[in-house]
Structure formats: structure tokens, C-alpha cells
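The lines below spell out each chain.
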Amino acid sequence: MALLTVEGITKRFGGLQVLNGVDLTVAEGSLTGLVGPNGSGKTTLFNVIFGLYRPDGGFVRFRDRDITGFPPYKVYQAGLAFAFQLPRLFYRLTVLDNVILAARRQRGESFWAALFARRAWRREERDLAEKAYGILELLEMPHMALKPAGELSGGQRKLLEIGRALMAEPELLLLDEPAAGVSPALALKVYELLARLREKGITIFIIEHRLDLLLNFADRIYLMDKGAIALSGPPAAVTEDPVFYSVYVGEHRKWVS
Amino acid sequence: MAADPLIYVLDMLVFIGIFSLLAISLNLEYGFTGLGNFGKVAFFMAGAYTYALMIETGAPILVSLLGGATVAGLLGGLVSLPALRLREDYLAIVTLSFGEILRLFVKAQEGFTGGVHGIQVPAAFTAFVASPRLFGLANVVLVYLVAGVAFLFVQALINTPYGRVLRAIREDDVAVQVLGKNPVLYKVQVLVAGSFLAGLAGGAFAQYMRFIDPYMFLPLVTFYVWIALILGGPANNWGAVLGALVVEIFNRGTRIAKDYLVLPVDPNNLQFIMFGVLIILLLLYRPQGILGESRLRTPAFRRWEHGAADR
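Residues numbered from 1 in each chain as written. Chains lettered and ligands numbered in written order. Predicted model: local features only at pLDDT ≥ 70, side-chain atom pairs only at ≥ 80, totals over all residues. Heavy atoms only, no water.

Before going further, it helps to spend a moment on the overall build of chain A. When you go through chain A residue by residue, the secondary structure sums to 10 helices and 10 strands. For 257 residues, the compact-globule estimate of 2.2 N^0.38 gives 18 Å, and chain A sits close to it at 19 Å. Referenced to the eigenvectors of the C-alpha coordinate spread, the extents of chain A come out at roughly 60 × 40 × 35 Å. For chain A, the residues scored as buried account for 54% of the 257 residues in total. Intrachain contacts of chain A at a sequence separation of at least 6 include 66% that bridge at least 24 residues. When the accessible surface of chain A is split by element, carbon and sulfur atoms take 52% of a total near 10900 Å². Both charge centroids of chain A, one from 32 positive and one from 29 negative side chains, sit 6 Å from each other. (Helix = DSSP H or I, 4+ residues; strand = E, 2+ residues; numbered from the N terminus. Rg over C-alpha atoms; globule rule 2.2 N^0.38 Å. Buried < 20%, exposed > 50% of the residue type's maximum accessible area, 1.4 Å probe, protein only. Contact = heavy atoms within 4.5 Å. Areas by Shrake-Rupley, 256 points an atom, 1.4 Å probe, with all protein chains shown as cover. Lys, Arg positive; Asp, Glu negative; His and termini not counted. Charge placed at Lys NZ, Arg CZ, Asp CG, Glu CD.)

Size it by volume and the largest pocket reaches roughly 540 Å³. Lining of the largest pocket is provided by 24 residues; of these, Arg 92 of chain A together with Arg 170, Pro 234, Ala 235 and Glu 293 of chain B occupy positions nearest its centre. Counting only elements with at least two residues in the lining of the largest pocket, the list comes to helix H1 (5-32) and helix H7 (161-171) of chain B. Class assignment of the residues belonging to the lining of the largest pocket gives a composition of 12 nonpolar, 6 polar and 6 charged. (1 Å grid on protein atoms, 1.4 Å probe; cavity = no way out; pocket = protein on both sides within 12 Å on 5 of 7 lines; lining within 4 Å. Points joined across faces, edges and corners; volume = space filled by probe spheres on them. Nonpolar A, V, L, I, M, F, W, Y, C, P; charged D, E, K, R; others polar.)

Right, let's talk about the packing of aromatic side chains for a bit. Scanning the entire structure with this criterion turns up 29 aromatic pairs over all chains. Taking 5.5 Å as the distance between ring centres and 80° as the angle between the ring planes, the aromatic pair formed by Phe 111 of chain A and Tyr 162 of chain B counts as edge-to-face. Of this pair, Phe 111 of chain A sits in helix H4 (residues 111-116) while Tyr 162 of chain B sits in helix H7, on two different chains. Centre to centre, the rings of Tyr 224 of chain B and Phe 272 of chain B are 6.4 Å apart; their planes meet at 25°, and the pair counts as stacked. Of this pair, Tyr 224 of chain B sits in helix H10 (residues 219-232) while Phe 272 of chain B sits in helix H12 (residues 270-285), and the two are 48 residues apart along the sequence. With relative accessibility at 38%, the residue Phe 272 of chain B sits in the partly exposed group. Connected via pairs of aromatic rings, a cluster forms that spans Phe 15, Phe 44, Tyr 49, Phe 135, Phe 205, Tyr 208 and Phe 217 of chain B. The lysine or arginine in question, Arg 61 of chain A, covers the ring of Phe 59 of chain A, its NZ or CZ lying 5.0 Å from the ring centre. The side chain of Arg 252 of chain B reaches across the aromatic face of Tyr 8 of chain B, ending 5.5 Å from its centre. (Phe/Tyr/Trp six-rings, centres within 6.5 Å; stacked < 30°, edge-to-face > 60°. Lys NZ or Arg CZ within 6 Å of the ring centre and 35° of its normal.)

What follows covers the sheet that holds strand S1 (residues 2-13) of chain A. All names here are of chain A. If you walk across this open sheet you meet the 4 strands as S2-S1-S4-S5, and the pairing is antiparallel. Single-partner strands in this sheet number two, and they are strand S2 (16-27) and strand S5 (65-66). Here 5 bridges tie S1 to strand S4 (residues 57-62), and the two strands are oriented antiparallel to one another. Looking at S4, one finds that Val 6 is bridged to Val 60. (Pairing = 2+ DSSP bridges.)

So, about the side chain of Ser 80 of chain B. Residue and element names in this part refer to chain B. You can see Ser 80 is positioned in helix H3 (residues 61-83). Reaching out from Ser 80, the side chain makes a polar contact with the backbone oxygen of Gly 77 at a distance of 2.7 Å. Not counting chain neighbours up to four residues away, the residues in contact with Ser 80 comprise Val 188 and Leu 191. (Polar contact = N/O pair within 3.5 Å; in protein donor to acceptor, adjacent residues only side chain to side chain.)

Purely geometric stuff here, so don't read any function into it on its own.
Encoded structure:
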């Protein structure tokens, strides 16, 4: 069953047509990959899905609910989470606070409850701290918890961005190049983590240039070119197709991973 | 009056208290949430005039103080609505011009606010008016009670998940949206709360001065509050209080220096030179202010701090 349906999405920036009628579906429980040359519109599509850009035409449906043009916080509330390609962390806040901020439905985040329902949110905070600890352990940085996020290295920032998305416990996780700028060993770890999340029932939609990783883990691949889907199918079928080479990989031979 | 040093000290204490309250309110807006409110004086003035008009009708002092604060808070919410959807610098422009517009409006309302002639504020502590010392002391108590409550209120509000969201908005409000929170809602609430506190300060000011006119509410007042906050340390309430203390001492100190220094210019203007130098030095060598940002203290932080060892 399709968890996310994108139908005929178009997006123009002035005279530049970036998205030109994108159609795709992400099946529930799958790890779906989106690949394509630089400038083909992948990140723009993610931004449209998450409400950061308003599309000029088309629909985005999540569980048969129309979420087209929702502001980002409502898209999040519908059950999605998004990890940016370039981490957008809160650099003067601690790593711990960065993670906890992503948790859903915190009572203490409302003005009156923060002041007058202290007992309730204080209890909640202790549980969130435990949960955040679990995530930081997964990312191998519990020792950094009370440091400001600005002191993290580039790779750790990427991991924290993903960790934040995990804290959100989404039904659908959108990841924009999680393995970019991360060492090969760590990148593999990220993908193994994603595979485990998929087993837990989280659907993952991912932009990635690291084909060696993506093709091993993905259930389905979409190839994007010039603002539209050029090719789709299971990884094996896509890598067999000559279009895949002419558009993206650039060599007319079978991709060997 | 000038002959009595105690009066002088009490007067200074009152002003330090009022400035602390204003700095705390700006700290909530700018220090924690990153909102550049350059119209602080407008909400201070709204509080002062509302207080004056209410106490004139015979309302009790507490009711008049809260009335002034409420009017200021509502104005804060109103001003924020058009500006918050735009980029941050627009908020600065909108609030700065709102302050001047409100002042010119009050200045033009001869019948209602006294216009340029100002308005007499009936003393609330009628029993003490006869003795300047007792009157000063009563005002010190009043101002520090109000400022103390405001300090505790902001402190309590800031060390919560709500306060965490505010700091996150200051860092990156797009990321805050992506994490499911609506920054506009928070910003409006913060501007209402911050303006409410500035309104309280205005009421206390009017009650102490017993006379207010539009020239007491020039944009310069806003800039004094900014200087206090930047000196003391944004995102730290103790820093706001410390900054208010420093600004007030400089302000007074240069006025006293007038009696001892012979300069080709008015020594009173020395304070502006000194503030300028101080701020340049501070921004170069200690941009976080004298005290720097305070930590967010919630149970999650404490659990980590104490629990890290036994894990």
C-alpha cells in the first residue's frame, strides 16, 4: 500500500522549471531510494513534500490525506520527519537538547503547561532523557550530550541530524543524503541502522548518491532527471536499464556494487 | 532633596530596579528567542500612561499596574502580528517606528493624556508622600517586588521545554518548524509576555515619578535597555540585572562627575563615549556579554549531569 503518493508535482523558480510533473509512491514499510544527477530536483521535491516550498501544481498525499501545501510543522504532525542534507542544528544548544526537541507532543512546550503543569512535564522530561540517551548511544556520542552542538565534527553533525529525525518516531522518514560527508564505515552503519528501522515498521524515503550502499538496502529506486521521474523499479531492474547509465552513472556498462 | 544622600541612593535603587525589569523583558524576547524588539519604550510608555489614567480614576495600585501591563501586552501582540511573518530585521523596523508613532500620538492627545504638558500621577502611597525618605523606600520595595516576581517568572518559563523551543527558534526557526512546532505562535506569546513586563515597569515608573510626559519616552530609553542587556549577557537573567546596574551607575556617575570635572563639553555626555568604547571592547573580546548564556536546566539536563557516572 502506498504510504506517500506524489502526483504531478510542478515547481518553478522564476523562469526555471525545477519540477516538471513528478509522480511517485512510497510503499508502507519500504526503503525507497531517489537518485538522479545534481540539479535534477531531488531536494526540491523533498522540500515540497515537507512543506518548505509550496508547489505550483500537483498533490502530496500521506495515508490518503491531502497534505499539499501544509506548513512544515503540520507535515511533521501528520507523521513525517525530515533530515536535511546540510544539518540544521541548534548550534548553541546542547546535543541532548537538540535531540529532545524532536520528540512529539511534549506537554511542557505549551506556555501555560510549562508554568502550571510542571509535575507532568518534569516526569516526561526524564523519560525523554532516557530515550535521547538510547539514540545518542546508537550514534556513539553519549559523551557529547552536554556539549553545544556547534562543537561537533562534520560527521557527528550529520549523525545528530539523523538522530533528531529518529527521536521524532515518524511513520515516514525523509533523508537527504545521509551518507554524504561521512566515512565509509560510518555510512555503512547509518544504513544498517536504517535497515533495522525498516524492520520496526518505519518507512524510509531517501536521496542518495552512494549507490554502493543504496542499491544493497533499497526496495525500490526512482531515478529523477530534469524534474521528472525517468525510471523506477527494484534496484536490480534499474541497474539493468541503459537509461540509468545515460542519465546518471555516465558509463554504458553494468553498475557493479 | 538633593541635600539628602539617602534620597539619592533610594532614587538610584528605584531606577536600577526599573531598568532591570525592562532588561529582563528584553532578555525574554531577544536573549532567549532572538526577537529584536527596538520599540521597548513604547510598551513601557503604554504601561506608564495606562497606570496614570487608571489610578486617576481611583483604581487600586495593583489593579492599575496590572491594567498597564495588560494594555502593553495587548499592544505587543498587535504589533507582532504583521511583523513576525517577515524576516527578523522587519520586526526591528516595525517596533522602532511603532514606539515613535505611539509617542507622537500621546503627545498630540491634549485632552486625554495631557499632550506635551504631561500628566500628573496621583501618589499611591498617600501616607508616605509627606516624607521623601519613606516615599522613596516604599517605591524601592514596590519596584523590587515587581521586578523580583518578573525575574522568577521568566526564570521559571525559560527552564522548561517551552524555553527550549524559544532558544531553538533563536538558532533556526525553519528547523523548529521541521520538528513540528509553530514558531509564529511562540513569538507572539513571547512578545505579549515581554511587553506585559515592560508595561509593569512603566506603571512602577509613573507611580514613582508622579508626573510623566512624552519626552521621557524617547527611543533612547530602548537603547539603554539594549546596552544593559548586551553588556550583561543576553540569555542570562542575572546578566540583564547586572547590565542594568552598570548602565545606571555610568549614567549617574557621569552626572556626578559634572560637579568635579571641568571639560570643554558637558561631562554628562561622557557616558555615551564610555558606553560606545565599552560595547566595542566587549563585542571584540567577550561577545557573549559579561556573564554569558545560562544553561537550560530541566530534569533531562540534571538526569544526565548526575546519571552519567553510574551508566
